[in-house]
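Given next are the chains, with one letter for each unit.
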Amino acid sequence: MFWMNTKRIVKYGFINFWRNGFVTLASILIMTVTLFIMGSLIFLGAILDSSLNQIKNKVDINVYFVTTAPEEDIISLKSSLEQLSEVSSVEYVSREQAIEEFKKRHENDQLILQALQELDDNPLGAHFNIRAKETSQYESIATFLENYQTSSGGVSIVDKVNFFQNKIAIEKLSNIILSIDKLSFGVIIVFMIISILIIFNTIRLAIYTSREEISVMKLVGAGNFYVRGPFVIEGIMYGVSSALIALALFYPVTIWMAPLTEDFFGGANIFNYYVNNFAQIFVVLILSGVFLGGVSSYLAVKKYLKI
Amino acid sequence: MTENPKKNGNIIHFDNVKKMYMENAIALDGVTLSIGKNEFVSIVGHSGAGKTTLLKMLLAEEKPTDGKVYFNTTDVHSLNRKNITYYRRKIGTVFQDFRLIPSKTAYENVAFAMEACGREDREIELDVPYVLDLVDLGNKIWNFPNELSGGEKQRLAIARAIVNQPEVLIADEPTGNLDPINTYEIAQILKKINNIGTTVILTTHNKGVIDSLNSRVVTMENGKIIRDNENGKYII
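Here is what the cut-offs are and how they apply
- Residues numbered from 1 in each chain as written.
- Chains lettered and ligands numbered in written order.
- Predicted model: local features only at pLDDT ≥ 70, side-chain atom pairs only at ≥ 80, totals over all residues.
- Heavy atoms only, no water.
- Contact = heavy atoms within 4.5 Å.
- Buried area = accessible area lost by both parts, 1.4 Å probe.
- Salt bridge = Lys/Arg side-chain N within 4 Å of Asp/Glu carboxyl O.
- Helix = DSSP H or I, 4+ residues; strand = E, 2+ residues; numbered from the N terminus.
- Buried < 20%, exposed > 50% of the residue type's maximum accessible area, 1.4 Å probe, protein only.
- Polar contact = N/O pair within 3.5 Å; in protein donor to acceptor, adjacent residues only side chain to side chain.
- Domains from an automatic or database assignment.
- Pairing = 2+ DSSP bridges.
- Axes fitted to C-alpha atoms, helices over the stretch in contact; angles between N-to-C directions.
- Expected span 1.5 Å × (residues − 1).
- Arc of directions from axis to C-beta.
- Phe/Tyr/Trp six-rings, centres within 6.5 Å; stacked < 30°, edge-to-face > 60°.
- Patch = residues over 30% accessible without salt bridge, like charges linked within 9 Å, V, L, I, M, F, W, Y side chains within 5 Å.
- Areas by Shrake-Rupley, 256 points an atom, 1.4 Å probe, with all protein chains shown as cover.
- Lys, Arg positive; Asp, Glu negative; His and termini not counted.
- Charge placed at Lys NZ, Arg CZ, Asp CG, Glu CD.
- Parallel < 35°, antiparallel > 145°, perpendicular 65-115°, else oblique.
- Left-handed = near helix turned anticlockwise from the far one by under 90°.
- Nonpolar A, V, L, I, M, F, W, Y, C, P; charged D, E, K, R; others polar.

Moving on, we come to the interface of chain A and chain B. Listed by partner, the interface residues are 26 residues for chain A and 26 residues for chain B. Across the chain A to chain B interface the summed buried area is about 2,300 Å²; carbon plus sulfur atoms make up 53%. Inspection of the region where chain A meets chain B yields three salt bridges. One salt bridge connects Arg-8 of chain A with Asp-121 of chain B, and the closest N-O pair in it is separated by 2.6 Å. Listing elements by their share of the side of chain A that touches chain B, those giving two or more residues are helix H1 (2-19), helix H8 (211-219) and helix H9 (224-265) of chain A.

Here we come to the environment of Thr-254 of chain A. All names here are of chain A. Mapped onto the fold, Thr-254 is located in helix H9. Since its relative accessible area comes to 1%, Thr-254 is described here as buried. Each residue touching Thr-254, except ones within four places of it in the same chain, is listed here: Phe-43, Ile-270, Phe-271 and Tyr-274. Side-chain polar atoms of Thr-254 contact the backbone oxygen of Tyr-251, separated by 3.0 Å.

Parsing chain A into structural domains produces domain 1 (2-55 + 175-305) and domain 2 (60-164). A separation of 53 Å is found between the C-alpha centroids of domain 1 of chain A and domain 2 of chain A.

Bringing the sheet that holds strand S2 (residues 87-93) of chain A into the picture now. Residue and element names in this part refer to chain A. On the basis of which strands lie adjacent, the open sheet formed by four strands has the order S2-S3-S1-S4 and antiparallel pairing. A strand with exactly one partner marks an edge of an open sheet, and here the two such strands are S2 and strand S4 (158-161). Strand-to-strand, the axes of this sheet are offset by a mean angle of 20°, without reference to chain direction. Pairing analysis gives three bridges linking strand S1 (residues 61-65) to S4, with the strands arranged antiparallel. What sits directly across from Tyr-64, in S4, is Lys-160. Against the sheet, helix H3 (residues 71-82) touches S1, S2, strand S3 (127-132) and S4, its axis set at about 165° to S2.

This brings us to the sheet that holds strand S6 (residues 91-95) of chain B. All names here are of chain B. Strand order across the open sheet formed by six strands is S6-S7-S8-S3-S9-S10, with mixed pairing between neighbours. Edge strands, defined here as strands with exactly one partner in the open sheet, are S6 and strand S10 (224-229). Neighbour-to-neighbour, the strand axes of the sheet open up by a mean angle of 15°, direction not taken into account. Sheet topology note: the strand S3 (residues 40-44)/strand S8 (residues 199-203) ladder contains four bridges and is parallel. Among the inter-strand pairings, Val-41 is bridged to a residue of S8, identified as Ile-201. Across the face of the sheet, helix H5 (residues 150-162) comes into contact with S6 and strand S7 (168-172) while running at roughly 170° to S6.

Moving on to H3 of chain A. Residues and elements named next belong to chain A. Its twelve residues give H3 an end-to-end C-alpha distance of 16 Å, which sits within 8% of 16 Å, the value for a rise of 1.5 Å per residue. Among the residues of H3, Ile-74, Leu-77 and Leu-81 are the ones counted as buried. For H3, the arc enclosing every buried residue in end-on projection is 60°, short of the 170-degree limit, so these residues lie on one face.

Right, let's get into the packing of aromatic side chains. Here a ring pair, both rings aromatic, is described through the centre-centre distance and the interplanar angle of the planes. Residue and element names in this part refer to chain A. Taken as a whole and assessed by the stated rule, the structure comprises 15 aromatic pairs over all chains. A ring pair is formed by Phe-17 and Tyr-238, whose centres lie 6.0 Å apart and whose planes are at 45°; its orientation type is tilted. A residue pair is termed long-range when its members are at least 10 positions apart, and Phe-17 in helix H1 and Tyr-238 in helix H9 qualify at 221 residues. One exposure class covers both Phe-17 and Tyr-238, and it is buried.

So, on to a negative patch on the surface. Residues and elements named next belong to chain A. Taken together, Glu-71, Glu-72, Asp-73, Glu-96 and Glu-100 make up a surface patch of like negative charges. Those elements giving two or more residues to the negative patch turn out to be H3 and helix H4 (95-105). Within the secondary structure layout, Glu-72 lies in helix H3.

All names here are of chain A. Put simply, H4 and helix H5 (residues 110-118) touch, their axes get as near as 9 Å, and they point 150° apart. Here H4 is positioned roughly antiparallel relative to H5, judged by the angle of their axes. Across the interface between the two elements, Ile-99, Phe-102 and Lys-103 of H4 pack against Ile-112, Leu-113 and Leu-116 of H5.

Residue and element names in this part refer to chain B. Where helix H3 (residues 106-116) meets H5, the closest approach of the two axes is 8 Å, and the angle between their N-to-C directions is 25°. Comparing their axes, H5 and H3 come out roughly parallel. H5 is crossed by H3, and the crossing has right-handed handedness. On H5, the residues touching Ala-106, Asn-109, Val-110 and Ala-113 of H3 are Leu-156, Ala-159 and Arg-160. The residue makeup of the contact of H3 with H5, split by class, is five nonpolar, one polar and one charged.

Have a look at this one:
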């Protein structure tokens with residue numbers, strides 16, 4: 001009995017989807033637009049994320065050592081730093097590497113190169129390039145370094161930590177990143193809510209046209225499950241069709257947008273993101289469509305079942 | 001569930017039923033009425049007399065403000081939602097505005113009523129064409145309601161109402177939208193259905209139909225029964 005009813009419900013869901021031509025078309029169009037907006041929010045989130053990560057990666061602090069600093073002390077400081085939970089990476093540039101890099105940077109400047117040759121010893125000290133996991137964590141790393149200098153007693157191996165020069169800029173940047181994160185999350189939530197309401201209302205209107213039909217079904221003795229079933233199947237089909245159309249639309253749109261976003265946001269190629277994350281976007285849009293279509297239909301029919 | 005205290009021969013009993021929509025809008029004012037098995041009862045009265053409200057009480061579409069409605073021994077309004085669904089399968093209903101499902105063909109409209117009762121596909125395939133033939137719609141089986149005339153729509157509604165062989169057929173002003181020839185045909189079909197053992201309750205304004213049926217006539221006015229005649233005529 002259950003399987004016979006389920007088979008009939010699915011059959012009528014498909015038949016209604018096909019026969020309610022104009023209502024089906026209108027519902028699919030509106031759902032496509034809203035699912036497209038939802039998909040766009042995924043892309044927007046990805047672009048913002050990659051842009052913010054790029055900015056974050058450009059921020060680091062450098063620790064310059066005195067030229068007389070023994071290498072084993074530097075290495076021991078490196079391992080202490082790497083044990084800190086805030087530290088993402090510590091790059092050690094030795095005195096030799098530092099001079100090589102310096103020479104390379106000034107290979108066209110003969111005056112500087114000659115001046116270097118005049119010196120007996122390498123004038124550059126070794127240094128660290130330290131990256132934190134979050135931009136807000138640089139301050140605590142800098143504090144650790146400061147304490148390290150004082151606790152080493154008397155002779156300090158650290159010459160300069162450039163965080164203190166860049167402190168204001170880094171703090172400002174980390175505040176901006178935090179605000180953008182919060183704002184984009186807020187915008188995404190607001191658009192999601194609007195999309196859900198639009199889909200719910202569209203389906204409600206589609207089912208409103210069938211309210212008489214529902215009351216007749218009830219009066220001929222059909223149970224709630226049997227009346228509601230085909231509408232839920234129809235809603236799910238609206239969702240699946242709209243999600244597939246929205247997914248297909250993203251192909252030309254992301255191709256067109258790719259150069260623009262690459263220029264504007266620096267590096268984030270939206271088309272590559274679409275291709276690389278197709279399976280994920282597919283699943284999110286299809287599930288959103290199925291869930292919103294199904295649940296909206298279920299709730300919209302409920303009102304007319306009270307006979 | 002309370003038992004019908006009235007005599008066994010009755011299939012339906014309205015026991016002092018009152019229905020008020022607002023304080024001064026009384027639709028039914030203490031209606032007591034018994035309907036026997038296989039009876040043909042016509043309910044007549046002006047618009048607003050309470051005929052349709054009385055039928056809504058029987059279908060459990062609305063609850064009475066006071067009083068009880070019994071079907072066999074069952075108090076209709078004490079049933080839960082699920083049992084109301086099963087109860088409605090014992091009653092066939094025909095409305096003035098047909099209330100067919102526009103997105104379904106004639107065949108599907110009738111089949112739906114059988115499917116809703118959980119009948120097997122094989123049974124449906126045999127019974128639906130038979131019932132449609134019975135109401136003379138054998139050649140319109142795949143037409144949608146909007147492709148049928150008023151009389152055909154009402155015959156389709158009757159086919160849907162009787163396909164599950166209900167104990168009672170309710171016809172709420174079934175000829176209200178029909179011309180005299182179709183009206184006569186519908187009256188004859190209802191008579192035939194009654195002759196094969198179904199209780200029929202008909203509400204109508206049509207004097208010709210009542211006079212031709214020569215059966216029990218209950219007259220209502222302002223929510224009360226003012227006359228109840230065996231083999232009655234249309235008198236208002």
